[in-house]
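Geometric and topological summary
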Amino acid sequence: MGVIISTDSACDLFPDLYQQYRIEIVPLYITVGGRTRRDVFEIGPDDLFVDYEKTHRLPKTSAPPPADFFELFKKQTENGNDVVHIAMNSKFSSSYQNALIAAREFDNVYVVDTFTLSSAQGLLVLRAADMRDAGMSAKEIFDRIETDKTKMRTNVLLDTLEFAYRGGRATMLQMFGANLLKLRPCLLLDTHGVLSVRRKFRGNFAQVCREYIRFVLEQPNMDDERAFVSTTGMDRSLFDSVVRMVKESGKFRQVLTSRAGCSMTVHTGPNTLVLFYKEK
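Residues numbered from 1 in each chain as written. Predicted model: local features only at pLDDT ≥ 70, side-chain atom pairs only at ≥ 80, totals over all residues. Heavy atoms only, no water.

Side note on helix α10 (residues 236-248)
Compared with an ideal rise of 1.5 Å per residue, which puts 13 residues at 18 Å, α10 spans 18 Å between its outermost C-alpha atoms and is within 8% of the ideal. Of the positions making up α10, those classed as buried are Leu 238, Phe 239, Ser 241, Val 242, Val 243 and Val 246. Each element contacted by the buried residues of α10 is listed here: α9 (205-217), β11 (226-231), β12 (254-259) and β13 (273-278). In the stretch just after α10, Gly 250 is the one whose phi turns positive, near 70°. (Helix = DSSP H or I, 4+ residues; strand = E, 2+ residues; numbered from the N terminus. Expected span 1.5 Å × (residues − 1). Buried < 20%, exposed > 50% of the residue type's maximum accessible area, 1.4 Å probe, protein only. Contact = heavy atoms within 4.5 Å.)

Take a look at the structure:
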């Protein structure tokens, strides 16, 4: 008997971290131009906005149905394994609820609502994998992740509010005001899964990215284990420079990078930058 760590594709542990850490992925579904495909395995973030440029209709994301989770849970439990499933923010998707519905059919499947997404969710998944490799039981891992999720810190730097507006997460007035004043908002995703504007940066994008990294690195009580620098797509040399800033700060023993997947990219648009970390 072993412990299986699973998650949905909002975790952004791609292209290969999920394989390296032996994570089972249940993909979300992405609909673009009337065609629905499985996230990661049939569509990637670079495929999202070709249709949008013509129609200004955002792609749609939908949660895996309970049957998708049930199939994974049944296979693993029949093989003698316990399962800890780590789900994206229940306020953004029904992925958690659908996984919970499927898990009710089993006595040894544990489902965590992380109240986060993207590489913050990914950090929790990797912590769970570390615990599994250290020999902890599924229940012990579940209890620890339930605590750790309250320590995740997510400050999202947006280049524009256009995609948040079209996705229903910002008003026209907010978008107009930000564009008029050339402001780039930094959104806080709190530990209850709620987004709010934490700070507004002004200036060209490269300048703002570096100011944002300095701002996050100044936050207190950072856990030094691991951090993620993630983007929905931006100039590579600029991204490399901010990653260097994080590494050279000496704040973290391991600095990972990721290209955010479809779920994050649809709702924030390109040129989004996030330094994800956990507090002690």
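Brief notes about the sheet that holds strand β3 (residues 29-32)
Across the sheet, which stays open at both edges, the three strands sit in the order β4-β3-β5 with antiparallel pairing between neighbours. Since the sheet does not close on itself, it has two edges, and those belong to β4 (35-38) and β5 (60-62), each with one partner. Between one strand axis and the next, the sheet turns through 25° on average, direction left out of account. The pairing of β3 with β5 spans three bridges and is antiparallel. Bridge pairing links Ile 30 to Thr 61 in β5. (Pairing = 2+ DSSP bridges. Axes fitted to C-alpha atoms, helices over the stretch in contact; angles between N-to-C directions.)

Regarding the environment of Met 152
Along the polypeptide, Met 152 turns up in strand β8 (residues 152-157). The spatial distance from the C-alpha of Met 152 to the C-alpha of Leu 183 is 26 Å, given a sequence separation of 31 residues. Each residue touching Met 152, except ones within four places of it in the same chain, is listed here: Ala 120, Leu 123, Leu 124, Thr 191, Tyr 277 and Lys 278.

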